[in-house]
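Commentary on secondary and tertiary structure
Read off the chains here:
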Amino acid sequence: MNVKEQLKEGLVTKNPVLVQLLGMCSVLAITTSLFNGIGMGICVTVILTCCNVVISLLRKVIPQKIRIAAYVVIIAGFVTIVDLCVQAFLPALSESLGVFIPLIVVNCIILGRAEAFASRNTVGVSALDGIFQGVGYTLVLIAMCIIRELLGAGTFGAGLLNGGDGIRIFPAEYGAMLMIMPFGGFLTLGFLIALMQHFLRRGKEKAEEKERSVK
Amino acid sequence: MSFTGILSIALGAILVENFILVQFLGICPFMGVSRKMDTALGMGIAVIFVMALASIFCYLVNLILVPLHLEFLQTLAFVLIIASLVQFVEMFLQKAIPSLYEALGIYLPLITTNCAVLGVVLLNVQKNYSFIESVVYGITGGIGFLVAIVLFASVRERLEFAEYPKAFEGFPIALVSAGLIALAFMGFSGLRVW
């Protein structure tokens with residue numbers, strides 16, 4: 001498998017959130033501002049890449065029967081490292097993400113990639129897979145954040161740009177607070193996945209048509 | 001420790017801060033196991049059981065970790081406790097109540113990766129709950145999970161007869177309807193016990 005194909009899989013055709021439907025909890029819960037989304041995305045990408053590398057290195061050492069337990073311990077180790085680093089260097093991020101950083105341990109993306117990819121492939125490919133899947137996850141987070149923040153609070157990039165206030169697109173009193181609430185999370189993700197399904201299906205239909213016309 | 005204190009924790013965990021619909025913990029099983037009413041019910045009961053046990057054991061282990069200044073091992077220790085607890089519950093049910101074991105089937109091992117379970121023990125630590133409060137929070141958090149998943153399963157069974165755009169097939173329409181249930185649960189916000 002070449003790098004380009006892997007990149008396309010991670011970002012589009014096998015996007016962890018929109019197509020594989022993994023790691024929903026964090027996607028729904030923390031996407032209220034761009035700052036949270038990017039922070040969480042970077043944390044998950046780092047952990048995913050490190051775990052993929054280590055698990056791929058140990059894939060011949062870990063006995064088949066206890067592999068899940070072994071993976072969980074490896075993942076928990078890396079999550080603890082990242083959690084402590086964030087607490088030390090970015091206390092604001094640690095405060096706003098709260099319990100969701102330690103909860104990366106049970107984020108199904110990481111266990112899923114360990115089981116489906118890293119345990120069967122060499123180190124280099126697994127590391128790339130970790131990065132691309134992580135970036136795919138981050139992009140979805142960013143998209144969710146931008147939509148929810150804009151519709152809910154009328155700002156762009158709160159916590160990051162313009163001295164932490166974000167760029168105001170329209171006055172706050174016109175914002176639909178609902179989009180920041182849990183309801184908005186479910187709704188936005190539902191529409192994003194529907195959009196993805198729509199385009200994937202159209203792509204497939206076009207490919208089939210092409211095949212038919214060739215015949 | 002007053003009775004109203006416990007009551008407000010219970011009310012909070014079940015309605016006001018429902019684990020799934022307000023705090024977004026445990027979305028994966030909520031989406032995955034809610035296609036049919038009876039499996040949803042089984043999953044909910046299993047989660048209550050594991051969450052209660054996990055709160056008890058993690059509280060006890062935390063009592064050992066804190067005096068040794070090993071707080072940074074909390075996540076690791078809690079995950080291991082939950083994983084072994086689920087394994088233990090599985091073996092116990094297999095021997096003691098085979099009928100329940102068969103009804104739960106593959107949902108039992110899946111609880112290990114349910115973030116509501118790890119979430120409840122982490123929140124117990126974060127909120128500095130006492131032993132009784134932790135156990136109450138664990139049990140009622142599980143009940144909240146059960147309520148949400150059963151409500152959602154009954155909505156989802158009816159969705160099969162509904163008409164919606166083709167792109168929404170499967171997951172998206174389920175997410176949108178979960179959103180509507182979350183909207184209903186927003187009505188509980190601000191509810192308090194005096």
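Everything discussed here concerns the structure shown above.
Below you will find a few notes about this structure.

What to know about the overall build of chain B
Broken down by element type, chain B carries 9 helices and 0 strands. In chain B, the succession of α and β elements from N to C terminus is α-α-α-α-α-α-α-α-α. Expected size for 194 residues packed as a compact globule is a radius of gyration near 16 Å; at 18 Å, chain B falls within 12% of this value. If you line up chain B on its principal axes, its C-alpha atoms span 60 × 45 × 30 Å. Considering chain B as a whole, with its 194 residues, one finds that 49% of them fall into the buried category. A separation of at least 24 residues holds for 76% of the contacts in chain B among residues at least 6 apart in sequence.

Looking at the overall build of chain A
Scanning chain A from N- to C-terminus turns up 8 helices and 2 strands. Overall, chain A shows an N-to-C arrangement of helices and strands of α-α-α-α-α-α-α-β-β-α. The C-alpha atoms of chain A give a radius of gyration of 19 Å, which matches the 17 Å a tight globule of 215 residues would have. When its C-alpha atoms are laid out on the principal axes, chain A stretches across 60 × 55 × 25 Å. In chain A, buried positions account for 47% of the 215 residues. Pairs at least 24 apart in sequence give 74% of the contacts found in chain A among residues at least 6 apart.

Side note on the environment of Phe89(A)
Residue and element names in this part refer to chain A. Summarising the element assignment, Phe-89 is placed in helix 4 (residues 67–89). A relative accessible area of 68% means that Phe-89 is categorised as exposed. In sequence terms Phe-89 and Leu-57 are 32 residues apart; their C-alpha atoms lie 30 Å from each other.

Some words on the pattern of salt bridges
All names here are of chain A. Counted by the stated rule, this structure contains 5 salt bridges over all chains. Arg-113 serves as the salt-bridge partner of Asp-129, at 2.9 Å between the closest nitrogen and oxygen. Taken together, the residues Asp-129 in helix 7 (residues 123–153) and Arg-113 in helix 6 (residues 108–118) connect sequence positions 16 residues apart. In this structure Asp-129 comes out as buried when scored by relative accessible area, which is 4%.

Quick word on helix 1 (residues 3–13) of chain A
All names here are of chain A. The complete set of buried residues in helix 1 reads Gln-6, Glu-9 and Gly-10. Buried positions in helix 1, seen along its axis, are confined to an arc of 90° and lie on one side of it. Exposed side of helix 1, more than 90 degrees from the buried face: Lys-4 and Lys-8 are the residues found there. On the buried face of helix 1, the contacting elements are helix 6 and helix 7.

Examining unusual backbone geometry
Residue and element names in this part refer to chain B. Non-glycine residue His-69 carries a positive phi angle of around 60°. For Asn-128, which is not glycine, the phi dihedral falls at a positive 55°. Residue position: Asn-128 is located in the loop between helix 7 (115–126) and helix 8 (131–159). For Asn-128, a relative accessible area of 70% gives the class exposed.

Things to note about the packing of aromatic side chains
Residues and elements named next belong to chain B. Counted under the stated rule, the structure contains 8 aromatic pairs over all chains. Summarising the aromatic geometry, the rings of Phe-30 and Phe-152 are spaced 4.5 Å apart at their centres and angled 25° between planes, so their arrangement reads as stacked. With Phe-30 in helix 2 (residues 27–32) and Phe-152 in helix 8, the pair connects residues that are 122 residues apart, well separated along the chain. By relative accessible area, Phe-152 is classed as buried at 0%. Centroid distance Phe-88 to Phe-92: 6.3 Å. Interplanar angle 20°. Geometry classified as stacked. One end of the pair, Phe-88, and the other, Phe-92, are both in helix 4 (residues 74–96), 4 residues apart, so they sit about a helical turn from each other.

Points about the nonpolar core
With 106 residues, the main nonpolar core has Phe186(A), Leu189(A), Met31(B) and Leu118(B) as its most contacted residues. Membership of the second largest hydrophobic core comes to 5 residues, among which are Ala194(A), Leu159(B), Phe168(B) and Val176(B).

What to know about the packing of helix 8 of chain B against helix 9 (residues 171–185) of chain B
In helix packing, the relevant descriptors are the interaxial angle and the interaxial distance, both defined with respect to the helix axes. All names here are of chain B. Following both chains from N to C, one finds helix 8 and helix 9 inclined at 130°, their axes separated by 10 Å at the closest point. As the angle between them shows, helix 8 and helix 9 are arranged oblique. Considering how the two elements wind past one another, helix 8 and helix 9 form a crossing that is right-handed. Here helix 8 contributes Val-147, Leu-151, Phe-152, Val-155, Arg-156 and Leu-159 to the contact with helix 9, which in turn contributes Ile-173, Ala-174, Ser-177, Ala-178, Ile-181 and Phe-185. In terms of residue class, the contact of helix 8 with helix 9 is made up of 10 nonpolar, 1 polar and 1 charged.

With respect to the packing of helix 3 (residues 37–65) of chain B against helix 4 of chain B
Residue and element names in this part refer to chain B. In the contact formed by helix 3 and helix 4, the axes pass within 10 Å of each other and the chain directions differ by 140°. The pairing of helix 3 with helix 4 is recorded here as oblique in orientation. You can see that helix 3 and helix 4 cross each other, and the crossing is right-handed. Between helix 3 and helix 4, the residues in contact are Phe-49, Val-50, Leu-53, Ala-54, Phe-57, Cys-58, Val-61, Asn-62 and Leu-65 and Gln-74, Ala-77, Phe-78, Ile-81, Ile-82, Leu-85, Val-86 and Val-89, respectively. Across the contact of helix 3 with helix 4, the residue classes tally to 15 nonpolar, 2 polar and no charged.

Calculation criteria
- Residues numbered from 1 in each chain as written.
- Chains lettered and ligands numbered in written order.
- Predicted model: local features only at pLDDT ≥ 70, side-chain atom pairs only at ≥ 80, totals over all residues.
- Heavy atoms only, no water.
- Helix = DSSP H or I, 4+ residues; strand = E, 2+ residues; numbered from the N terminus.
- Rg over C-alpha atoms; globule rule 2.2 N^0.38 Å.
- Buried < 20%, exposed > 50% of the residue type's maximum accessible area, 1.4 Å probe, protein only.
- Contact = heavy atoms within 4.5 Å.
- Salt bridge = Lys/Arg side-chain N within 4 Å of Asp/Glu carboxyl O.
- Arc of directions from axis to C-beta.
- Phe/Tyr/Trp six-rings, centres within 6.5 Å; stacked < 30°, edge-to-face > 60°.
- Core = buried A, V, L, I, M, F, W, Y, C linked by side-chain atoms within 4.5 Å.
- Axes fitted to C-alpha atoms, helices over the stretch in contact; angles between N-to-C directions.
- Parallel < 35°, antiparallel > 145°, perpendicular 65-115°, else oblique.
- Left-handed = near helix turned anticlockwise from the far one by under 90°.
- Nonpolar A, V, L, I, M, F, W, Y, C, P; charged D, E, K, R; others polar.

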